[in-house]
Amino acid sequence: MTAARLRPARLRSALSRIALASAGIATLLVLAVAAPASAHDELLGSTPSANEKLAGAPASVVLTYSAAIMPEGATVVVWDADGKDWAAGDPVIDTNTLTLPLDSGMPDAGYLVEWRVVSSDGHPISGKIPFAVGDAEPLQSVKGAPEATDDAASIVPLVVGVVVVVVVGVAVIAVVAVRRRATPPTRD
């Protein structure tokens, strides 16, 4: 009789420890994903470089990164002050280098390259590179141009949080169900 009661008690105790450990691991996972990353890939250089003043219009923009970048999600625009994009096609990616061809006939003016790529670690990174052609000043911002958004990065913590809540919920339901089955019925 004592052995029969001891088994459900041990089972409940083991399940409680498992549920507690699962909740702890889930919490650590959420904190690890939500914490800012310590090091992501980065832009190493560009042609034209930031704030460079060129004598003539470039045929392309070349961006070089610290590691390979993914072709999915790569966007680059080259704005003028009127909000016109001077890109002549889609960006071409070769491992860690992105090349964007430009329309010919770019007048002497300030320009702003806005780029966004997905780095080798799966995180989107972005930036701006102002430059100028001729005697103009590099363009620092463009009025009316749509701002790049970081939708992929903003949804990751939400998705991880939902998964963690579901896993913890299932663990709690399992513990409660096992406890109910393991508890002997009371006799009145």
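Nothing here was measured: the structure is a model prediction, and the numbers come from that model. (Residues numbered from 1 in each chain as written. Predicted model: local features only at pLDDT ≥ 70, side-chain atom pairs only at ≥ 80, totals over all residues. Heavy atoms only, no water.)

Student: How do you make sense of the overall build of the protein chain when you look at a structure like this?
Tutor: Along the protein chain, the regular secondary structure elements total two helices and eight strands. Traced from its N-terminal end to its C-terminal end, the protein chain shows the element sequence α-β-β-β-β-β-β-β-β-α. When the 188 residues of the protein chain are sorted by exposure, 27% land in the buried category. Considering only residue pairs separated by 6 or more positions, the protein chain has 64% of its internal contacts joining residues 24 or more positions apart. (Helix = DSSP H or I, 4+ residues; strand = E, 2+ residues; numbered from the N terminus. Buried < 20%, exposed > 50% of the residue type's maximum accessible area, 1.4 Å probe, protein only. Contact = heavy atoms within 4.5 Å.)

Student: Looking at this structure, how should I read the sheet that holds strand β4 (residues 69-80)?
Tutor: As a general point, the strands of a sheet are linked pairwise by backbone hydrogen bonds and lie either parallel or antiparallel. If you walk across this open sheet you meet the four strands as β2-β8-β7-β4, and the pairing is mixed. Whereas interior strands pair on both sides, the edge strands pair on one side only; in this sheet they are β2 (52-54) and β4. The mean angle between the axes of side-by-side strands here comes to 25°, regardless of whether they run parallel or antiparallel. In this sheet, strand β7 (residues 109-119) lies alongside β4 in antiparallel orientation, the contact comprising eight bridges. Bridge pairing in β7 links V76 to W115. (Pairing = 2+ DSSP bridges. Axes fitted to C-alpha atoms, helices over the stretch in contact; angles between N-to-C directions.)

Student: How should unusual backbone geometry be read in this particular structure?
Tutor: Trans peptide bonds make up most of the peptide bonds, and negative phi angles are found at most residues other than glycine. Here T47 and P48 are connected by a cis peptide whose omega angle stands at 0°. The topology assignment puts P48 in the loop between β1 (43-47) and β2.

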